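Chain and residue survey
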Amino acid sequence: MPKRIIPVSSGKGGVGKTTVATNLALSLSRYAPTLLVDLDTGTSSVRNTIGVPVERDLYHFFRKKRRLDDCVTSLPASWDPDGLYSGFGFVAAPLHLIEEITNFGADKKLELSAAINELPAEFVILDMKAGLDSNVVDFLPWSNSGILVFTPHLPSATLAASDIVKAILFRKLRIVFSPSSPFYAQVKDPRTTMLLVNDLLDEVEDVYEPALPNLDAFLVDLAGSLGPHPVLEQVARTVEHFRVHYVLNAFNGIDEAFDTAVKPFVENLVSTVSERMTLTNLGWVVKSDEIHQGNCRRRPVLLAPRDGHSAPHPTRGEKALDALIRETTGLTVELRKPKPVLPVPHRPDPESALARELDALNRMYHRKGDRDDPRDNFEYLSARTVHLLDRCRPSEFGTPRLCGPAEILRSFFPAVATPRPS
Ligand SMILES: Nc1ncnc2c1ncn2[C@@H]1O[C@H](COP(=O)(O)OP(=O)(O)OP(=O)(O)O)[C@@H](O)[C@H]1O
Ligand SMILES: [Mg+2]
């Protein structure tokens, strides 16, 4: 399996990106070496969540010219006495606000992306800032959404999450149709075509402009103006093959999650982006005092010493949970009877990820009437992630490399030497 870089973003702030990114990275490190990189460079959220001493951080990478892998912090033995998370490490953001690191310019972004691409880990999780600006979007894969987090508790975050999908696709299209793109060497009237395409893109991107509501309409219009063209087919495929993976955080039952999160998310994607994309629910994380207290104590829930009690949490009825599981996973397997929780082996084999995914699902399912345990949620999320990564092409989930504009152009026009886009 090639290395996969998986950004965790949400558009909106405070929905649980850092919580999901941190505990997912810890969970994944049980399968293979995993690094968590804090790209929320203004608030240094990861080091606020994992309170271990940090010797070097992104400051040392940018200012002291240390290699990025020299800026990795591992867990001290006292935090991980059984060595369960020995494959985990994180790169912290600077402790203080340093303008050029908080808002990196184009050069710094390229420098950091190149270093992330070289990190010695099988999984790299990026904890992103809130927002939709280029500090976020330029670090996202261009063929899928990475992991989007949203929550039924903050309906506006749902729309922001679907806006990220739009922003990724538009970033790519703007590069493919930028003035220096080789595309124009293949059309009869390059200048007119360039103006036409970019006007149409402006119209789709402008949500107040009703004429071209989404990319599906854009493609129809463009085909009408240009006739059949191989690049248009490629753009259509880009939209069709785009994969969206999401996690519901602070999940509190299927009805609430469906009405206030999943449904508006899908509706917004269809109306403003396209109806052709494939959406995958990766899992959910219950609302849990244990999670919140772990964050406040700067010791993530997965690293907290077990006291044998989960925080009380109301559970919904069997029917509702069953429906959720079937709806979000597409699984039609007969769920087995509960069995005692087996200790997680020291290094689960990635091959066993599907079995572990089903096991975690089974445990979550049979905890009805008992108490939900967020550890099960992260076990499920990581096993499902490993299983899907193993099954999906690198372009479908995560990315082996963060690509700059030149690489994106090259992937569209492989035969042409591409100049740097303006
Ligand atoms: N599942 C959960 N159950 C209970 N509390 C949670 C859960 N997920 C997150 N929280 C709490 O919600 C708050 C925001 O979480 P977190 O910092 O992970 O969000 P974020 O999206 O990374 O925020 P920001 O945009 O500021 O980076 C924190 O106080 C955290 O402890
Ligand atoms: Mg955060």
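Residues numbered from 1 in each chain as written. Chains lettered and ligands numbered in written order. Predicted model: local features only at pLDDT ≥ 70, side-chain atom pairs only at ≥ 80, totals over all residues.

1. What about the overall build of the chain?
Helix and strand content of the chain: 16 helices and 8 strands. A buried classification covers 43% of the 422 residues belonging to the chain. Excluding contacts between residues fewer than 6 apart, the proportion of contacts in the chain whose partners are at least 24 apart in sequence is 77%. (Helix = DSSP H or I, 4+ residues; strand = E, 2+ residues; numbered from the N terminus. Buried ≥ 20, exposed ≤ 12 C-beta atoms within 10 Å, placed from the backbone. Contact = placed C-beta atoms within 7 Å.)

2. Examining the environment of L232
With respect to the secondary-structure elements, L232 resides in helix α10 (residues 230-240). For L232, a count of 16 C-beta atoms within 10 Å corresponds to the partly exposed category. Taking the C-alpha atoms as reference points, L232 and V220, 12 residues apart in sequence, are found 9.7 Å from one another. Look past the residues within four positions of L232 in its chain and what remains in contact with it is L219, L222, A223 and L226.

3. What about the site of ligand 1?
Near ligand 1 lie 19 residues; those nearest to it are G13, K17, T18, T19 and N295. In terms of residue class, the shell around ligand 1 is made up of 5 nonpolar, 11 polar and 3 charged. (Near = placed C-beta within 6 Å. Nonpolar A, V, L, I, M, F, W, Y, C, P; charged D, E, K, R; others polar.)

4. Points about helix α16 (residues 405-412)
Restricting attention to buried positions, one finds in α16 the residues P405, I408 and L409. Taken down its axis, α16 places every buried residue within 100° of arc, on the same side. At its buried positions, α16 is contacted by α7 (155-176). (Arc of directions from axis to C-beta.)

5. Comments concerning the sheet that holds strand β5 (residues 123-127)
By way of backbone hydrogen bonds, the strands of a sheet pair with one another, either parallel or antiparallel. The mixed open sheet is built from 8 strands, whose spatial order is β3-β4-β2-β5-β1-β6-β7-β8. A strand with exactly one partner marks an edge of an open sheet, and here the two such strands are β3 (72-74) and β8 (278-286). Adjacent strand axes in the sheet meet at a mean angle of 25° when their direction is disregarded. Pairing analysis gives 5 bridges linking strand β1 (residues 4-9) to β5, with the strands arranged parallel. What sits directly across from V8, in β5, is D127. Of the strands in this sheet, β1, β2 (34-38), β4 (88-91), β5, β6 (144-150), β7 (243-251) and β8 are in contact with helix α1 (residues 17-28), which crosses β5 at around 165°. (Pairing = 2+ DSSP bridges. Axes fitted to C-alpha atoms, helices over the stretch in contact; angles between N-to-C directions.)

6. A closer look at the packing of α1 against helix α15 (residues 374-391)
Contact pair α1 / α15: the axes reach a minimum separation of 9 Å and the direction vectors enclose 65°. The crossing of α1 and α15 is right-handed. Contacts from N23, L24, S27 and L28 of α1 reach α15 at F378, E379, L381, S382, T385 and V386. Here the residues of the contact of α1 with α15 sort into 5 nonpolar, 4 polar and 1 charged. (Left-handed = near helix turned anticlockwise from the far one by under 90°.)

7. Topic: the nonpolar core
The biggest cluster of nonpolar side chains holds 108 residues, and the ones touching the most others in it are V124, I125, F150 and V247. The biggest single contributor to this core is α7, with 11 residues. Beyond its immediate stretch of four places on either side in the chain, I125 contacts I6, V8, A21, L24, A25, T34 and L36. (Core = buried A, V, L, I, M, F, W, Y, C linked by C-beta atoms within 7 Å.)

8. With respect to helix α8 (residues 190-205)
The first and last C-alpha atoms of α8 sit 22 Å apart over 16 residues, in line with the 22 Å expected at 1.5 Å per residue. By the burial criterion, the buried members of α8 are V197, L200 and V204. Buried residues of α8, seen end-on, are gathered within an arc of 65° and therefore sit on one face of the element. Away from the buried face of α8 by more than 90 degrees, exposed residues R191, T192, L195, D199 and D202 are located. (Expected span 1.5 Å × (residues − 1).)

9. Things to note about the pairing of β6
The buried count for β6 comes to 7 of 7 residues, which makes it a mostly enclosed element. In this structure, β1 lies alongside β6, joined through 2 bridges in parallel fashion. Following the sheet pairing, V8 is matched in β6 by I147. Across 5 bridges, the pairing between β6 and β7 is parallel. Residue pairing for β7: N144 is matched across the bridge by R243.

10. Describing the packing of α8 against helix α9 (residues 215-226)
Interaxial distance between α8 and α9 falls to 10 Å at its minimum, and their mutual angle equals 160°. Between α8 and α9, the interaxial angle falls into the category roughly antiparallel. Between α8 and α9 lies a crossing whose hand is right-handed. Here α8 contributes T193, L196, V197, L200, L201 and V204 to the contact with α9, which in turn contributes L215, F218, D221, L222, S225 and L226. In the contact of α8 with α9, the residues fall into 9 nonpolar, 2 polar and 1 charged. (Parallel < 35°, antiparallel > 145°, perpendicular 65-115°, else oblique.)

The analysis is restricted to geometry; functional conclusions fall outside its scope.
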